[in-house]
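Each chain, letter by letter, is given below.
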Amino acid sequence: MTTKHMDGQPLRVALIGLGAIGRVIARELIARSAEGVQLVGALCQHASEGEGLGVPVLTQLDALLALQPDLVVEAAGHGAVKAYGPAVLRAGHDLLLVSVGVLSDADLLEGLEQAARDSGRQLLLPSGALAGLDYLQAAKLAGLSHVCLRSRKPPLAWRDTPAEQLLDLASITEPVVFFRGTARDAARTYPKNANVAATLALCTLGLDETSVELVADPTIKGNVHEIEAQGAVGDLHLTLRNAASPDNPKTSLVTPYSVLRSIMARRAVLSV
């Protein structure tokens, strides 16, 4: 297959979703059109969601895929992955997922992987709000024995989640661990907050062997992710203090730029 950086043609990108993450991705892709990427269209429930975007905004997947994107980026939530993901891959397009936590559904993950194999395409995951995943994937090849993620967010970032049934989020005065379990259970129970847990797990020990702790912490302003890992190559202890998205405190500000980096790497002559 001829790559886009070799044939001189721009990488054609289609976007599913124009929410807090999707609009940043769209804006950045449009601004970087001279760098070899082209946003060809976006899929939303209502075409009016894309007013002022300057690219086609469609409401049907077939119409989006008719624009012949090289890469489709999902930024619309778990429901969109279930509704559109397999069809995108079967139609012969690579798929980059933002809503990684949906892969805690074993049947869906198997279906997406099979669709990718059958069509010869790729299912891609961005690093999101995490770092060190390149090291951890290398460490996995040598042998990992333990991986744990601890995610700390301000109490109100856990609103509209099951944490509200466990804690009085408005009155917490010190950090409280309200969840301990597997990455699969974290991603299933906290789908808007624990995409990072699924990403880390899929890069390392798997969804059932990667440990997760979720913390409501009134002493912080952004989102803090702490990764601990041990294996044959050594130990990793990594702390990330991420600024929260101004539009959605459940999401780190870096997340859409991580997606953008993944897109740009598909176009780059030199990529790490």
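Residues numbered from 1 in each chain as written. Predicted model: local features only at pLDDT ≥ 70, side-chain atom pairs only at ≥ 80, totals over all residues. Heavy atoms only, no water.

Trainee: How would you explain the pairing of strand β10 (residues 223–231) if you had to name every residue and give the values?
Mentor: Pairing between strand β7 (residues 144–153) and β10: eight bridges, direction antiparallel. Paired with S151 across the two strands is H225, which belongs to β10. Inspection of the sheet shows β10 paired to strand β11 (residues 234–242) by nine bridges, in the antiparallel sense. Looking at the pairing, E226 lines up with T239 of β11. Here β10 folds back onto β11, and the loop between the two strands holds two residues. (Pairing = 2+ DSSP bridges. Helix = DSSP H or I, 4+ residues; strand = E, 2+ residues; numbered from the N terminus.)

Trainee: Explain helix α10 (residues 255–267) to me, and be specific about the residues and the numbers.
Mentor: Relative to the 18 Å expected for 13 residues at 1.5 Å per residue, α10 spans 19 Å between its end C-alpha atoms, a close match to the ideal helical length. Looking at α10, one finds that the buried residues are T255, P256, S258, V259, L260, S262, I263, M264 and R267. (Expected span 1.5 Å × (residues − 1). Buried < 20%, exposed > 50% of the residue type's maximum accessible area, 1.4 Å probe, protein only.)

Trainee: Give a description of the sheet that holds strand β2 (residues 37–43) that names residues and reports values.
Mentor: Within a sheet, adjacent strands bond to each other through the backbone by hydrogen bonds, running parallel or antiparallel. If you walk across this open sheet you meet the six strands as β3-β2-β1-β4-β5-β6, and the pairing is parallel. Only two strands of the sheet have a single partner each, and these edge strands are β3 (57–58) and β6 (123–124). Sheet analysis places strand β1 (residues 11–16) next to strand β4 (residues 71–74), joined by four bridges and oriented parallel. Residue pairing across strands places I16 opposite E74, the latter belonging to β4.

Trainee: Report on the nonpolar core, specifying residues and quantitative values.
Mentor: Ranked by internal contacts, the top residues of the largest apolar core, which has 56 residues, are L130, W158, F178, Y190 and L200. At six residues, the largest contribution of residues to this core is made by helix α9 (residues 195–203). The contacts of F178, once residues within four sequence positions are left out, are W158, A163, L166, L167, Y190, L214, V215 and A216. The next biggest cluster of nonpolar side chains, apart from the first, holds 25 residues, and it includes I25, L29, V55 and L96. (Core = buried A, V, L, I, M, F, W, Y, C linked by side-chain atoms within 4.5 Å. Contact = heavy atoms within 4.5 Å.)

Trainee: I'd like to hear about the sheet that holds β11, residue by residue, with values.
Mentor: The strand order β8-β9-β7-β10-β11 describes an open sheet built from five strands, whose pairing is mixed. Strand pairing shows two members of the sheet lacking a second neighbour, β8 (176–182) and β11, which therefore form its edges. Averaged over neighbouring strand pairs, the angle between their axes works out to 10 degrees when direction is ignored. The strands touched by α9 are β7, β9 (211–216) and β10; relative to β7, the strand with the most contacts, the crossing angle is about 165 degrees. (Axes fitted to C-alpha atoms, helices over the stretch in contact; angles between N-to-C directions.)

Trainee: Can you break down the side chain of T210 residue by residue, with the values?
Mentor: Counting through the fold element by element, T210 comes out in the loop between α9 and β9. Looking at T210, its side chain comes within polar contact range of the main-chain oxygen of G206, at 2.9 Å. (Polar contact = N/O pair within 3.5 Å; in protein donor to acceptor, adjacent residues only side chain to side chain.)

Trainee: Run through helix α4 (residues 78–90), naming residues and quoting values.
Mentor: Between its first and last C-alpha atoms α4 spans 19 Å; for 13 residues at 1.5 Å apiece the expected length is 18 Å, and the two agree. Y84 marks the point of greatest bend in α4, at about 45 degrees, and the proline P86 comes within the next four residues. Among all positions of α4, only H78, A80, V81, G85, P86, V88 and L89 are buried. G92 lies just past α4 and shows a positive phi near 95 degrees. (Bend = angle between axes of the 7 residues up to and from the residue.)

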